[in-house]
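# Understanding the architecture of this molecule
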Amino acid sequence: MKLRSDVMRGAAPEAVAIYQSGGFSRQDFAKPLILVHSNAGESHSGSYHLDRLVEQTKMGIRELGGAPFKYTTTDICDGVATGHDGMNYVLASRESVAGMIEIYVQGHMFDGAVLTSSCDKAVPAALIAAARLKDEIPVVIVPGGSMDIGCTYLMSGAIGVTYARVKAGFLNCGELSFVQDHSLPCEGACQYMGTASTMQVMAESLGLAAPTSALGPANQRYVLGNARNAGYLIMKLLKRGLKTKDILTEGALRNAVLIHQATGGSTNALLHLPAIAHAAGIGFDVSLFDTLGQKVPYLTNLHTAGQYSSRQFWYAGGVQRVIALLADSGLLDMEALTVTGQTVRDNLNAVQHSDYFRAGEGYLGNYSTTDGSRRLRREDVIRNPDDPQNSCGSVAILKGNLAPEGSVFKYSACDPSMYEHIGKAIVFDCEEDCYAAVTNLEIEPGSVLIVSGEGPGACGMPELYNTTAAIMGIEKYRKSVALVTDGRFSGATAGPVIGHVSPEGAAGGPIVLVENGDLIEISLDKRGINIVGLAGQRKRSDEIERTLAQRRANWRKPKPKYTTGVLGNYTQLAVSPMKGAYMGRLMPT
């Protein structure tokens, strides 16, 4: 078998000596060289256990004649970075982790790679790296799995809501301590269908992670078996001459969008999938989420839009159950190739002839429903297409004079009473001021909070989780106050919140021209987000256009907040949120 690493063997005479100094033999050096990369570290719940998975993957590679090499680039956590300027670095870290994986593969001429990760930016970073390397090597993604629920169905998303209620004076600090102490009982990705869970689901949906591997219980043996299997898979792909380009196709991306809409995935996937497609050189318009979302039923009852956890989703059959339920719809590309070397259809057939569905439903029976009335059933977690949560998807793209390029609305996590809303704008230049106004109860019900200057070109596109948690945690705001921003949201976010407004404020987008008292209309039915009035009064569209033109003439682009370092580079090079917020613009001359 001709190996990519032969180039390095013939050109770098020091290499064999360097590897021998670490305990590798000449015999190892002659084998296919496989990068085994993970985000293991002491950075968060999703990284603590990944070294155990890495060891299993290495065993699988050795069993089939490869030489595994362990590399690590840990990731930062949104939950630790939230509420301060550290959040500005989170999305940019996706680019850095993807870049390091690319550097490892290209710098050391690996023949294949197994990439292990659990969480929000690490999984998309691995997928972006795989896409960049699609013509070079095969890649297998190993999802790190899911955390179990805390006591009385507590999940990590409850912490932000409880904290906001304490800040607003509705709860005491003792209640917050209880929620903090009993929400995260073990390692694994956070328990709801947040960004970490969503991107594990996307990895399997794209065919780059093995069937049933997304969201397996992180502290049970199943994730170890998935990791060992990944070692087998990478060697089999290499021997067959298959590469990521054979798997990551337009059909695979379409499958991922459909499964995202069927499972109520995080809005951050609308940043990550376009970035993955761009890295692979595949044309991708984010409006595909809306187009396909109106054709596919929303099937899952998962927190924060629903009741149950990501681990319970895995027990209910996970991604493969969703594929099974949609297999005859004509929507999925069932012939798309995957890392098993088989098609989506072949994989599903193998799963259906295994004991996975039976065992999962048995585990599911260990839980009760949230009201404690009976044992949990599969249909409580993943519903049938003829009895869906919603007949049409979970996320919409809204456009209008406030967001000409688009914005993102996860309506599945919003009370239907706010699908159509008109309210007076209250404008903030940063989330911190907005959060203070909400928790100090200074906001009038019916208002639309506008937070600009939070896009990728301004400060790195932080998530505004604290403010959304406060809106949802304060009863009088939950169904009456909307939030509109050019920033992004946590996968834990729920409520009437619209993000990714494009063009962003730093690029002179209309969001930066909104003033206090302007009337903002949000319409899911019309897929619209518009300024429809000034100073509290409805106005004709031509009057609004003239006023916005006058405001634009007086607007001055603010000086950049970051000019050096990681964020100096990222804010100068990041493209629009609706294109994926990846670093793709040319450096100004």
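Residues numbered from 1 in each chain as written. Predicted model: local features only at pLDDT ≥ 70, side-chain atom pairs only at ≥ 80, totals over all residues. Heavy atoms only, no water.

## Quick word on the side chain of Thr-198
By the secondary structure assignment, Thr-198 is in helix H10 (residues 195–205). Apart from the residues lying within four places of it in its own chain, the contact partners of Thr-198 are Met-193, His-260, Gly-265, Ser-266 and Ala-269. (Helix = DSSP H or I, 4+ residues; strand = E, 2+ residues; numbered from the N terminus. Contact = heavy atoms within 4.5 Å.)

## Description of unusual backbone geometry
The residue after His-303, namely Thr-304, is reached through a cis peptide bond having omega 20 degrees. Mapped onto the elements, Thr-304 comes out in the loop between helix H14 (288–293) and helix H15 (310–315). Of note, the bond from Ser-502 into Pro-503 is cis; its omega dihedral lies within 30 degrees of zero at 0 degrees. Relative to the assigned elements, Pro-503 resides in the loop between strand S10 (497–502) and strand S11 (519–523). Even without being glycine, Leu-215 reaches a positive phi, approximately 70 degrees. By the element assignment, Leu-215 lies in the loop between H10 and helix H11 (221–240).

## Considering the environment of Phe-428
The residue Phe-428 is located in strand S7 (residues 420–428) in this model. Taking the relative accessible area as the measure of exposure, Phe-428 reaches 11% and is therefore buried. Separated by 25 residues in sequence, Phe-428 and Gly-453 have C-alpha atoms that sit 9.0 Å apart. If we skip the residues at most four places from it in the chain, Phe-428 touches Asp-433, Cys-434, Ala-437, Ile-443, Leu-449, Ile-450, Val-451 and Ser-452. (Buried < 20%, exposed > 50% of the residue type's maximum accessible area, 1.4 Å probe, protein only.)

## Details of the side chain of Thr-439
Mapped onto the elements, Thr-439 comes out in helix H20 (residues 431–439). Classification of Thr-439 as buried rests on a relative accessible area of 5%. The residues touching Thr-439, leaving out its near neighbours within four places in the chain, are Ala-164, Lys-167, Ala-168, Ala-470 and Ile-474.

## Thoughts on a nonpolar patch on the surface
Nonpolar side chains collect at one region of the surface, where Ile-76, Tyr-89 and Val-566 lie side by side and expose about 250 Å² of accessible area between them. Overall, Val-566 belongs to the partly exposed group, its relative accessible area being 44%. (Patch = residues over 30% accessible without salt bridge, like charges linked within 9 Å, V, L, I, M, F, W, Y side chains within 5 Å. Areas by Shrake-Rupley, 256 points an atom, 1.4 Å probe, with all protein chains shown as cover. Salt bridge = Lys/Arg side-chain N within 4 Å of Asp/Glu carboxyl O.)

## Notes on helix H24 (residues 541–554)
With 14 residues, H24 extends 20 Å between its outermost C-alpha atoms, agreeing within 8% with the 20 Å of an ideal straight helix rising 1.5 Å per residue. Among the residues of H24, Ile-544, Thr-547, Leu-548 and Arg-551 are the ones counted as buried. Down the axis of H24, the buried set is contained in an arc of 100 degrees. They therefore lie on one face. Away from its buried face by more than 90 degrees, H24 exposes Glu-545, Gln-550 and Ala-553. (Expected span 1.5 Å × (residues − 1). Arc of directions from axis to C-beta.)

## Some words on the sheet that holds strand S1 (residues 33–38)
With parallel pairing, the 4 strands of this open sheet are ordered in space as S2-S1-S3-S4. Each of the sheet's edge strands pairs with one partner strand only, and the pair in question is strand S2 (67–72) and strand S4 (139–143). Shown here is a sheet whose adjacent strand axes are inclined to one another by a mean of 20 degrees, direction ignored. Taken strand by strand, helix H6 (residues 90–108) contacts S1, S2 and strand S3 (112–117), and its axis lies near 165 degrees from that of S1. (Pairing = 2+ DSSP bridges. Axes fitted to C-alpha atoms, helices over the stretch in contact; angles between N-to-C directions.)

## Notes on the packing of aromatic side chains
Using the criterion set out here, one finds 20 aromatic pairs in the structure. Relative to Tyr-363, the ring of Tyr-315 lies with its centre 4.9 Å away and its plane at 10 degrees, an arrangement referred to as stacked. Of this pair, Tyr-315 sits in helix H15 while Tyr-363 sits in helix H18 (residues 356–364), placing them 48 residues apart in sequence. By relative accessible area, which is 2% here, Tyr-315 ends up buried. Note on Tyr-363: relative accessible area 26%, which makes it partly exposed. (Phe/Tyr/Trp six-rings, centres within 6.5 Å; stacked < 30°, edge-to-face > 60°.)

## Considerations on the layout of surface pockets
The computed volume of the largest pocket comes to approximately 850 Å³. Elements that contribute at least two residues to the lining of the largest pocket include exactly H20, helix H21 (456–459) and helix H25 (565–573). Here the lining of the largest pocket takes 3 residues from H21, the largest share from any one element. In this model, the second largest pocket occupies a volume close to 720 Å³. Around the second largest pocket sit 36 residues that line it, and Cys-77, Asp-78, Gly-79, Val-80 and Cys-190 are the ones nearest its centre. (1 Å grid on protein atoms, 1.4 Å probe; cavity = no way out; pocket = protein on both sides within 12 Å on 5 of 7 lines; lining within 4 Å. Points joined across faces, edges and corners; volume = space filled by probe spheres on them.)

## A look at helix H7 (residues 122–132)
Of all the 11 residues making up H7, 10 are buried; the element is thus mostly covered by neighbouring parts of the structure. All of the buried residues along H7 are Ala-122, Val-123, Pro-124, Ala-125, Ala-126, Leu-127, Ile-128, Ala-129, Ala-130 and Ala-131. Buried residues in H7 make contact with H6, S3, S4, H10 and helix H13 (269–280).

## Quick notes on the environment of Val-7
Checked against the element boundaries, Val-7 lands in helix H1 (residues 6–11). Through-space distance from the C-alpha of Val-7 to that of His-108 is 9.9 Å; in sequence the pair is 101 residues apart.

## Re the nonpolar core
If you look at the biggest cluster of nonpolar residues, it comprises 124 residues, and the most contacted ones within it are Leu-35, Leu-127, Ile-141, Leu-206, Leu-273, Phe-313 and Val-381. Core analysis: the next-biggest nonpolar cluster, separate from the first, contains 27 residues, Leu-402, Leu-524, Ile-529 and Ile-531 among them. (Core = buried A, V, L, I, M, F, W, Y, C linked by side-chain atoms within 4.5 Å.)

## Some words on the pattern of salt bridges
Side-chain pairs of opposite charge can arise whenever the charged atoms involved come near each other. A full pass over the atoms with the stated rule returns 30 salt bridges. Taking the shortest distance from any N to any O, the salt bridge between Asp-290 and Arg-527 comes out at 3.0 Å. Of this pair, Asp-290 sits in helix H14 while Arg-527 sits in the loop between S11 and strand S12 (528–534), placing them 237 residues apart in sequence. Of the charged contacts, one joins Arg-551 and Glu-515 as a salt bridge, the two residues approaching to 3.5 Å between their closest N and O atoms. Of this pair, Arg-551 sits in helix H24 while Glu-515 sits in the loop between S10 and S11, and the two are 36 residues apart along the sequence. On the basis of relative accessibility, which here comes to 14%, the residue Arg-551 falls in the buried class. Within the structure, one salt-bridge network assembled from shared partners comprises Asp-78, Lys-121, Glu-463 and Arg-488.

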